[in-house]
Amino acid sequence: MRISLNWLRELVDVTSSPEELAETLTMAGFEVEEIEDRRAWADGVVLGKIVACEQHPNADKLRVCQVDVGKPEPLNIVCGAPNARADIYVPVAVVGTFLSTIDLKIKPAKLRGVPSEGMICSLAELGLLKESAGIHIFDLENPELGSDIRPLLGLDDVILDLTATANRADALSMVGVAREVAALTGASLRIPTTNDVAIHGEKSPNLAVEISELQGCPIYIGTEISGVKIAPSPAWLQQRLQAAGVRSISNVVDVTNYILLEWGQPLHAFDRDRLQSFTGTSDISIGVRFAKPGESFKTLDGQNRNLQPQNLLITASDKPVALAGVMGGEDTEVHEGTQNLVLEAAIFDQATIRRSARAQGLRSEASIRYERGVNQAALTTACDRAIALILQLAGGTATVQKTASSGEDLSFLRSIELRLDRINLVLGQLKRGATGGSPYLEPEEVKNILTALGCEVAATEKARVFAITVPPYRYRDLEREIDLIEEVARLHGYDNFCDTLPSETEPGYLSPEYAQIRNVRSAFRAAGLTELMHYSLVKTEGDNQVVLANPLFVEYSALRTEMLSGLIDAFGYNLEQGNGALNGFEVGRIFWKEGDAKKEADAVAGIIGGDPTVWKWQQSGRDRPLTWFEAKGVLESVFQQLSLAVEYASDSSNGRLHPGRTAALSLNGKRLGIFGQLHPQLQQEKGLPEQVYVFQLDLGVLLGELGRSHNSTRKFAGYSSFPASDRDIAFFAPVEVPVVEMQGAMKQAAGSLLDSVELFDEYRGENVPAGQRSLAFRLIYRSGDRTLSESDVEPAQQKVRDVLVEKFGVSLRS
């Protein structure tokens, strides 16, 4: 919020410099982002009077003016403004003046042969407007010529651009900031007051207020003011608004904006005659309700708004006339011909206004304050002050005022127990320095701080315990004991407390689980895969998805149930951009529903495809598809680096994968995940190259195996210095029998002497029985303490033959 120091000084005695005040506010939690010193904008610009104005002899669009600035001789100034004429008072930048907003220093010059001794200024050249049609003309009676024009234009001011935290809604008003400054500096506070406004004809049936959504709008005050005259606001009001960054519109609208800035209470003025015309009735019934499906209306910004069910509306005879707490409607706005008003002053629920504004993508000065929570206790004060200012500036009579409320307790008083020992425990010791005294805050110091904040401090029967009554304007902010402790620390000064560190410290370390996750990531990267990261938010598609209640976009309306879709899309996108195949992996979380229960788990998924060769001259420049075994080899290298023995089994349950080239992975009997080639139909739909492979693994199962003792520490095993003895075995086996099962059976049957089993040949075709295939394995036997003899190897080899015949029904060829 932009804080005018001139305005602030009317509310509180500020004696410190702008820089000192900015430092004080910043250290108290109200960051001052910028200090705008307007006094430099017109330093050297004085009030002058054009006593004569003649056409330039050598230019049609220039005039030669004689300007009296209180000196013995008038200044000769050449001016190009179309509104320059004799007998007007204007701002004059004399020679030597520097106009900082346009980066111009005034020097004596000649324009088309005529000397010019200064410049007559527009408001744009003084930094008050972006554009000006001509020079600024003052409406003054018998002013002092040559006097400083800055007080006349409000340029004798300094603006502090202040940012308040979300919990300090009271700081979005001049009164709230003045209270804070008074508490911080001990200065005297002068809160503006208004005598009770006389309302005539309160029992008039022409205005009624009925609230159907009392939770969204606990209080609504509607006041009818008749006989107003719309006109420009006086200079002081325009300058106040302009300093706050608000455009002046008319006296009535400017008053509502002025009260918004002064008290933080949004108001809205309706044109009563337009309300009657819009509703087609002379009796106005103001209501508050949520929007119905299909409703729409046009807001003040000229946009036609399609209303959502979460939009809270102000209605007149059940017709929408305003987005409650956000923006009024164009059809009922105050205009130049307005004569009768209905002034709205209301309190709206914070969450309701936040949802309503977000649904329309619309935020206003009013909605920003309602979202944080306005001071309910000041509602009637702000309303009465607005009525009094409207009557003062626009005339008229307040004829009717109707109020509707939920009937809840509106005292806004809260009592909190505050323990002095708890304060000192949380905040620690003070930097007392040479003054001595207790190293902790004393009861009187705490009492003075909280009293300065407007709290009532009373002793209790318990020793060193206070009963704190929170002021109404801090009702939403001070709710607990720790809130009061924070206020004590703020006002006493954070820099006045000692810097302390914990007495015992412990070096940081990675948890075993996170260390294993790092190992998993490192293993996949070592295999040549790039780590990817996707949003866990996806479109709503499946029945078992966890759907968000308030999604930002349709594309991000649910949580993902698997990770393969994002990887497939990323693979295709990189191909479209000419970046080649994206071989990558991702570690993330998936979510799903089982009935009414919501589940989640960590997973690691990846995608592998494209031509694995670097040079293609041997293939005449054509790409070679990645084979199933090459892709499986990438995954195997990861498992080997992690010392995991993963088993593969045929699987055709996933419809997006090739039914004959998909494997279910298991680890020590637990299902680990799935690996396979994308289904050709899906590959064609996505425009992907041939033979793209994906995998998704259960990270929990993976980490569980890595965390076991035999995997947590790498152990060195010595190499045998004795030669190996190898045997080959060939046989016909049924096609449906997996090789991995046969390898496992051979290892179990041969015993500890068997060092490795390797399939080196597979043949299907001529001379092979139907439904079978010819397989050839090489078995390598080795011992660590001797050279094996035939008598050592042959019994083990015979056991291998026997188990293959008995368990798998193979026909031995050798």
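Preceding this paragraph is the structure being described.
Okay, so let's go over this structure. (Residues numbered from 1 in each chain as written. Predicted model: local features only at pLDDT ≥ 70, side-chain atom pairs only at ≥ 80, totals over all residues. Heavy atoms only, no water.)

What to know about the overall build of the chain
- Per the secondary structure count, the chain includes 21 helices and 39 strands.
- In terms of its C-alpha atoms, the chain occupies a principal-axis envelope of roughly 130 × 85 × 70 Å.
- In the chain, the share of contacts with a sequence separation of at least 24, taken over all contacts with a separation of at least 6, comes to 66%.
- Surface accessibility of the chain: about 41700 Å² in total, with carbon and sulfur atoms responsible for 48%.
- Between the averaged position of the 81 positive side-chain charges in the chain and that of its 108 negative side-chain charges there is a distance of 3 Å. (Helix = DSSP H or I, 4+ residues; strand = E, 2+ residues; numbered from the N terminus. Contact = heavy atoms within 4.5 Å. Areas by Shrake-Rupley, 256 points an atom, 1.4 Å probe, with all protein chains shown as cover. Lys, Arg positive; Asp, Glu negative; His and termini not counted. Charge placed at Lys NZ, Arg CZ, Asp CG, Glu CD.)

Some details on the packing of aromatic side chains
- Tallied over the full model, the rule gives 11 aromatic pairs.
- Relative to tyrosine 258, the ring of tryptophan 236 lies with its centre 5.7 Å away and its plane at 85 degrees, an arrangement referred to as edge-to-face. A residue pair is termed long-range when its members are at least 10 positions apart, and tryptophan 236 in helix H5 (residues 235–243) and tyrosine 258 in helix H6 (residues 251–263) qualify at 22 residues.
- Taken together through their ring pairs, the aromatic side chains of Trp628, Phe629, Phe675 and Tyr693 make up a single cluster.
- The lysine or arginine in question, lysine 319, covers the ring of phenylalanine 278, its NZ or CZ lying 5.8 Å from the ring centre.
- Above the plane of the ring of phenylalanine 760 lies arginine 778, whose end atom (NZ or CZ) is 4.7 Å from the centre. (Phe/Tyr/Trp six-rings, centres within 6.5 Å; stacked < 30°, edge-to-face > 60°. Lys NZ or Arg CZ within 6 Å of the ring centre and 35° of its normal.)

Some words on the layout of surface pockets
- By volume, the largest pocket amounts to about 1600 Å³.
- What lines the largest pocket is a set of 42 residues, among which Trp628, Lys632, Tyr648, Val739 and Val740 lie closest to the centre.
- At the level of elements, helix H16 (628–641), strand E32 (647–650), strand E33 (657–667), helix H20 (739–750), strand E37 (754–763) and strand E38 (772–781) are the ones that each hand at least two residues to the lining of the largest pocket.
- In terms of residue class, the lining of the largest pocket is made up of 18 nonpolar, 12 polar and 12 charged.
- Here the second largest pocket is characterised by a volume of approximately 820 Å³.
- Around the second largest pocket sit 31 residues that line it, and Val253, Asn257, Leu267, His268 and Leu300 are the ones nearest its centre. (1 Å grid on protein atoms, 1.4 Å probe; cavity = no way out; pocket = protein on both sides within 12 Å on 5 of 7 lines; lining within 4 Å. Points joined across faces, edges and corners; volume = space filled by probe spheres on them. Nonpolar A, V, L, I, M, F, W, Y, C, P; charged D, E, K, R; others polar.)

Quick word on H16
- Here H16 is 14 residues long and its end C-alpha atoms lie 20 Å apart, about the 20 Å a rise of 1.5 Å per residue gives.
- Within the sequence span of H16, burial applies to Trp628, Ala631, Val634, Leu635, Val638 and Phe639.
- Buried residues along H16 sit in contact with helix H14 (512–526), strand E31 (597–608), E32, E33, strand E34 (670–678) and strand E35 (693–698).
- One or two positions beyond H16, positive phi appears at serine 643, with a value near 60 degrees. (Expected span 1.5 Å × (residues − 1). Buried < 20%, exposed > 50% of the residue type's maximum accessible area, 1.4 Å probe, protein only.)

What to know about empty space enclosed by the protein
- This model, assessed by the stated rule, comprises 2 cavities of 30 Å³ or more.
- Taken as a whole, the largest cavity spans an internal volume of roughly 110 Å³.
- Along the wall of the largest cavity there are 15 residues; nearest its centre are Asp170, Ser173, Trp263, Gly264 and Asn375.
- Of the pockets and cavities examined, the second largest cavity occupies roughly 30 Å³.
- Together, Phe278, Phe297, Lys298, Pro320, Val321, Gly329, Glu330, Asp331 and Thr332 line the second largest cavity.
- For the lining of the second largest cavity, the secondary structure elements donating two or more residues are strand E17 (296–298) and strand E20 (319–323).

Considerations on the sheet that holds strand E2 (residues 31–37)
- Ordered by their spatial adjacency, 3 strands build an open sheet running E1-E12-E2, and the pairing between neighbours is antiparallel. Of all strands in the sheet, those bounded by a partner on one side alone are strand E1 (2–4) and E2. Ignoring strand direction, the axes of neighbouring strands in this sheet form an average angle of 25 degrees. (Pairing = 2+ DSSP bridges. Axes fitted to C-alpha atoms, helices over the stretch in contact; angles between N-to-C directions.)

Structural notes on the packing of helix H12 (residues 443–452) against helix H13 (residues 481–492)
- It is at 10 Å that the axes of H12 and H13 come closest, and there the two elements cross at 95 degrees. In this view, H12 runs roughly perpendicular relative to H13, as classed from their interaxial angle. Here Glu445, Val446, Ile449 and Leu450 of H12 lie close against H13, whose contacting residues are Leu484, Glu487, Val488, Leu491 and His492.
- Counted by class, the contact of H12 with H13 contains 6 nonpolar, 1 polar and 2 charged residues. (Parallel < 35°, antiparallel > 145°, perpendicular 65-115°, else oblique.)

Side note on the nonpolar core
- Core analysis: the largest hydrophobic core is formed by 93 residues, its most contacted members being Leu8, Tyr220, Ile259, Ile314, Phe348 and Ile390.
- With 8 residues, helix H10 (residues 379–394) is the largest single contributor of residues to this core.
- The contact partners of isoleucine 259, leaving out residues within four places of it in the chain, are Gly264, Gln265, Leu267, Ala382, Arg385, Ala386 and Leu389.
- Listed in part, the 33 residues of the second largest apolar core include Leu529, Val634, Phe695 and Leu697. (Core = buried A, V, L, I, M, F, W, Y, C linked by side-chain atoms within 4.5 Å.)

Observations concerning the side chain of glutamate 371
- Within the secondary structure layout, glutamate 371 lies in helix H9 (residues 365–372).
- Residue glutamate 371 is classed as buried on the basis of its relative accessible area of 11%.
- Apart from the residues lying within four places of it in its own chain, the contact partners of glutamate 371 are Gln350, Ile353, Arg354, Ala357 and Arg363.

Overview of the environment of serine 285
- Topologically, serine 285 is positioned in strand E16 (residues 284–290).
- With a relative accessible area of 24%, serine 285 lands in the partly exposed category.
- Sequence-wise, serine 285 and asparagine 206 are 79 residues apart; in three dimensions their C-alpha atoms are separated by 8.1 Å.
- Among residues more than four places away in sequence, those in contact with serine 285 are Ala208, Glu210, Thr315, Ala316 and Ser317.

A word on the sheet that holds strand E14 (residues 219–226)
- The strand order across the open sheet formed by 4 strands is E15-E22-E14-E23, and the pairing between neighbours is antiparallel. Looking at which strands have only one partner, the edges of the open sheet turn out to be strand E15 (267–271) and strand E23 (397–405). When the angles between neighbouring strand axes are averaged without regard to direction, this sheet yields 20 degrees.
- As paired elements, E14 and strand E22 (residues 340–347) share 8 bridges and run antiparallel to each other. In the strand pairing of E22, serine 226 is matched with asparagine 340.
- Packing against the sheet, H10 makes contact with E14, E15, E22 and E23, and its axis sits at approximately 10 degrees to E14.

Structural notes on the environment of leucine 362
- Counting through the fold element by element, leucine 362 comes out in the loop between helix H8 (350–360) and H9.
- With 35 residues separating them in the primary sequence, leucine 362 and methionine 327 have C-alpha atoms 8.7 Å apart.
- Leave out the neighbours within four places in its chain, and leucine 362 touches Asp301, Arg305, Leu323, Val326, Met327, Ala357 and Ser367.

Examining the pairing of E34
- With 7 of 9 residues buried, E34 is to be regarded as a mostly interior element.
- Across 7 bridges, E33 lies against E34 in antiparallel orientation. In the sheet register, threonine 662 faces E34, and the bridge partner there is glycine 676.
- Taking the residues between adjacent antiparallel strands as the criterion, E33 and E34 are bridged by 2 residues, where asparagine 668 takes a positive phi near 55 degrees.

What about unusual backbone geometry?
- Phi is positive for serine 317, which is not a glycine, with a value near 50 degrees.
- In this structure serine 317 comes out as partly exposed when scored by relative accessible area, which is 31%.
- At glutamine 691, a residue that is not glycine, the phi angle is positive and equals roughly 55 degrees.
- On the secondary structure map, glutamine 691 appears in the loop between helix H17 (680–686) and E35.

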